[in-house]
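A structural walkthrough
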Amino acid sequence: MFRKLAGTIALVWAFGASEVAQAGVKTNSVPGTDFSKYTTYRWKVAAGPGAPDLDRQLRAAAEEQLAKEGLKKVAGDGEAADLEIAYNAGTVDILVAGIDVVAGWWGDLIGVPGTDSNVTGGLMYVFNDAATGQVVWTGLIVKRGTTVNAAQVMKKRAPKWAKQILAAYPD
C-alpha cells in the first residue's frame, strides 16, 4: 500500500504541480490529456482508507462535485467507466518539546517543560484512466493546525475540501 502511494506521489510531482487559487488546492495532470473524453467514473475500491463515517462523507461530497463537473458515476462494479477514482486522507501530529510559561503561586512567571502540537492533514484524489490504469489527474490539499483539536476540525472540514479539490478538475 505504501509503495503504491509513494509511486502515486512521485507521479504527482513528476507532472509538476499547478497551484489553484482556491484554498491551497494543488493539481497535477498528464500534459496533453484530453479530459473531454472522460464522462464516467467508478470508485477504485469499495471502501476508503479512513473510518466509515468519514469515507461516506468524502464520497458523497466527491460525487456531488463530480456531477457538477459533468462526470457520471457508473451504476455497478462490472460496468465500464472511463476513470477510476481513489482518495487518501489523514493527519499526523508532531509534538515538539519546548518551554511553557505559567503563573506561579505568587504571580511570578515560571518556565516549565511543555510541548507544542503541530498537526498536518491532507486529502488527495487520484484519477486513473480505467483502460490503461495510468494516473491522469491528481488534486490535493494540505492544511496545518496548532490547536489541541486541530485533527477533529480537519475531519469536520474534509468534505468541504473534497469539493474544493474536485472543483479544480479540468473541464
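Provided above is the structure to which this section pertains.
In this report, we go over the structure that sits alongside the text. (Residues numbered from 1 in each chain as written. Predicted model: local features only at pLDDT ≥ 70, side-chain atom pairs only at ≥ 80, totals over all residues. Heavy atoms only, no water.)

Across its full length, the protein chain carries three helices and seven strands. Relative to all contacts within the protein chain whose residues are 6 or more apart in sequence, the contacts with residues 24 or more apart total 67%. With the model as given, the accessible surface of the protein chain reaches about 10,100 Å², and the carbon-plus-sulfur share is 58%. (Helix = DSSP H or I, 4+ residues; strand = E, 2+ residues; numbered from the N terminus. Contact = heavy atoms within 4.5 Å. Areas by Shrake-Rupley, 256 points an atom, 1.4 Å probe, with all protein chains shown as cover.)

This part takes up the packing of aromatic side chains. This model, assessed by the stated rule, comprises eight aromatic pairs. Ring centres of Tyr87 and Tyr125 lie 5.8 Å apart, and the angle between their planes is 40°; this geometry places the pair in the tilted category. Of the two residues, Tyr87 sits in strand 5 (residues 83–103) while Tyr125 sits in strand 6 (residues 109–129), which places them 38 residues apart along the sequence. For the residue pair Tyr87 and Tyr125, the accessibility class agrees, reading buried in each case. Grouping aromatic residues by their ring pairs yields a cluster made of Phe35, Tyr38, Phe127, Trp137 and Tyr169. (Phe/Tyr/Trp six-rings, centres within 6.5 Å; stacked < 30°, edge-to-face > 60°. Buried < 20%, exposed > 50% of the residue type's maximum accessible area, 1.4 Å probe, protein only.)

Scanning the entire structure with this criterion turns up six salt bridges. We note a salt bridge from Lys155 to Asp53, for which the minimum N-O separation is 3.4 Å. Of the two residues, Lys155 is situated in helix 3 (residues 150–166) and Asp53 in helix 2 (residues 52–68); the sequence distance between them amounts to 102 residues. Each of the salt bridges in this network shares a partner with another, and the network as a whole consists of Glu64, Lys68 and Lys163. (Salt bridge = Lys/Arg side-chain N within 4 Å of Asp/Glu carboxyl O.)

Counting 30 residues, the largest nonpolar core has Leu123, Tyr125 and Phe127 as its most contacted members. Only strand 3 (40–43), helix 2, strand 5, strand 6, strand 7 (135–145) and helix 3 provide two or more residues apiece to this core. Considering each element in turn, this core owes the most residues, seven residues, to helix 3. When near neighbours in sequence (up to four residues on either side) are disregarded, Phe127 contacts Leu66, Leu71, Leu83, Glu84, Ile85, Gln134, Val135, Val136, Trp137, Leu166 and Tyr169. (Core = buried A, V, L, I, M, F, W, Y, C linked by side-chain atoms within 4.5 Å.)

The subject of this paragraph is a nonpolar patch on the surface. On the surface, Val92, Ile94 and Val96 cluster together into a nonpolar patch covering about 240 Å² of accessible area. In this fold, Val96 is placed in strand 5. (Patch = residues over 30% accessible without salt bridge, like charges linked within 9 Å, V, L, I, M, F, W, Y side chains within 5 Å.)

Our focus in this paragraph is the side chain of Asn128. Residue position: Asn128 is located in strand 6. Residue classification places Asn128 among the buried positions, given a relative accessible area of 5%. Non-local contacts of Asn128, meaning those with residues more than four positions away in its chain, are made with Lys44, Asp82, Leu83, Glu84, Gly133, Gln134, Val135 and Val136.

Spanning 17 residues, helix 2 covers 24 Å between terminal C-alpha atoms, matching the ideal 24 Å at 1.5 Å per step. Regarding helix 2, the residues found buried are Leu54, Asp55, Leu58, Arg59, Ala61, Ala62, Gln65 and Leu66. Buried residues along helix 2 cover an arc of 165° about the axis, so they all sit on one side. Exposed residues on helix 2 whose side chains face more than 90 degrees from its buried face are Pro52, Arg56 and Lys68. Where helix 2 is buried, its residues touch strand 3, strand 5, strand 6 and helix 3. Downstream of helix 2 by one or two residues, Gly70 has phi in the positive range, about 90°. (Expected span 1.5 Å × (residues − 1). Arc of directions from axis to C-beta.)

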